[in-house]
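Spelled out from the first residue to the last, the chains are:
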Amino acid sequence: MNKAIGLDLGTTTLGIAKSDVLGFVHGVETFRFAKGQYSKARERVHQIVEETDIKEIALGYPIHMNGEIGERALSAIKFMEDLLKEDSTLNIVLVDERLTSVSANNTLSELGVSHKQRKDSVDRLAACEILDFYIKRRENNGNWWNSESWIRSK
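Residues numbered from 1 in each chain as written. Predicted model: local features only at pLDDT ≥ 70, side-chain atom pairs only at ≥ 80, totals over all residues. Heavy atoms only, no water.

Chemist: I keep staring at the packing of aromatic side chains and nothing clicks. Help me out?
Modeler: In this description, an aromatic ring pair is defined by two values, namely the gap between the centres and the angle between the planes. Enumeration over the complete set of coordinates arrives at two aromatic pairs. Between Phe31 and Phe33, the ring centres sit 6.4 Å apart and the planes meet at 25°, which makes this aromatic pair stacked. Phe33 sits in the buried class, given a relative accessible area of 7%. Aromatic side chains Phe33 and Tyr38 sit 5.6 Å apart centroid to centroid with 55° between the ring planes, which places their arrangement in the tilted category. Across the pair, exposure class does not vary: Phe33 and Tyr38 are buried alike. An aromatic cluster of at least three residues, connected via ring pairs, comprises Phe31, Phe33 and Tyr38. (Phe/Tyr/Trp six-rings, centres within 6.5 Å; stacked < 30°, edge-to-face > 60°. Buried < 20%, exposed > 50% of the residue type's maximum accessible area, 1.4 Å probe, protein only.)

Chemist: Looking at this structure, I do not really get the pattern of salt bridges. What am I missing?
Modeler: Side-chain pairs of opposite charge can arise where the charged atoms are in close proximity. For the structure shown, the criterion picks out eight salt bridges. Ionic pairing is found between Glu86 and Arg42, a salt bridge with its closest N-O pair at 2.9 Å. On the criterion of sequence distance, the pair formed by Glu86 in helix α2 (residues 71-86) and Arg42 in helix α1 (residues 38-52) is long-range, its members being 44 residues apart. The class of Glu86 is partly exposed, set by a relative accessible area of 45%. Take Arg42: its relative accessible area is 13%, and that puts it in the buried class. A salt bridge links Arg138 to Glu56, with the nearest nitrogen and oxygen atoms 2.7 Å apart. One end of the pair, Arg138, is in helix α4 (residues 115-139); the other, Glu56, is in strand β4 (residues 56-61), with 82 residues separating them in the sequence. For Arg138, a relative accessible area of 16% corresponds to the buried category. Take Glu56: its relative accessible area is 10%, and that puts it in the buried class. One salt-bridge network, held together by shared partners, links Arg42, Lys78, Asp82, Lys85 and Glu86. (Salt bridge = Lys/Arg side-chain N within 4 Å of Asp/Glu carboxyl O. Helix = DSSP H or I, 4+ residues; strand = E, 2+ residues; numbered from the N terminus.)

Chemist: Even after reading the chapter, I still don't get α1, so can you show me in this structure?
Modeler: Structural remark: α-helix, 3.6 residues per turn; residues separated by three or four positions point the same way. For α1, spanning 15 residues, the distance from its first C-alpha to its last is 21 Å, which sits close to the expected 21 Å at 1.5 Å a residue. In this structure, the buried residues of α1 make contact with β1 (5-9), β2 (13-19), β3 (25-32), β4 and α2. Following α1 by one or two positions, Asp53 has its phi on the positive side, about 60°. (Expected span 1.5 Å × (residues − 1). Contact = heavy atoms within 4.5 Å.)

None of this, on its own, says anything about what the molecule does.
Below, the structure written as structure tokens:
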């Protein structure tokens, strides 16, 4: 099984997860950057790609509940395009991330994690959920095309 990286891009944070050869997903970190400094977040992604030699990336695609594309979704598309300009060997898939942060917050709350600790962990856990969803769909013979939730970059 190919290993992959999952990303949950925010305005000042980047949740990062990666999978192992068995397909198990592990949270890596919540990378923090100054608002609008997406180049720093991209540098971190490239650093992880270089360290792990993982070229497959599931990037959260934050579309609205009604399916419309908003400012955050456009930021994800731009982030993907910029990553690909910097390294065309990457295989990046946008993954519908509706409710992943809500789900991550609920999971952490159910585990009794304090509000401060949740704030530090939610993006990393959301990245895990994005990557886990991607891997499960990929294992289903790549049959994600019947879902409007997937957009393949190349």
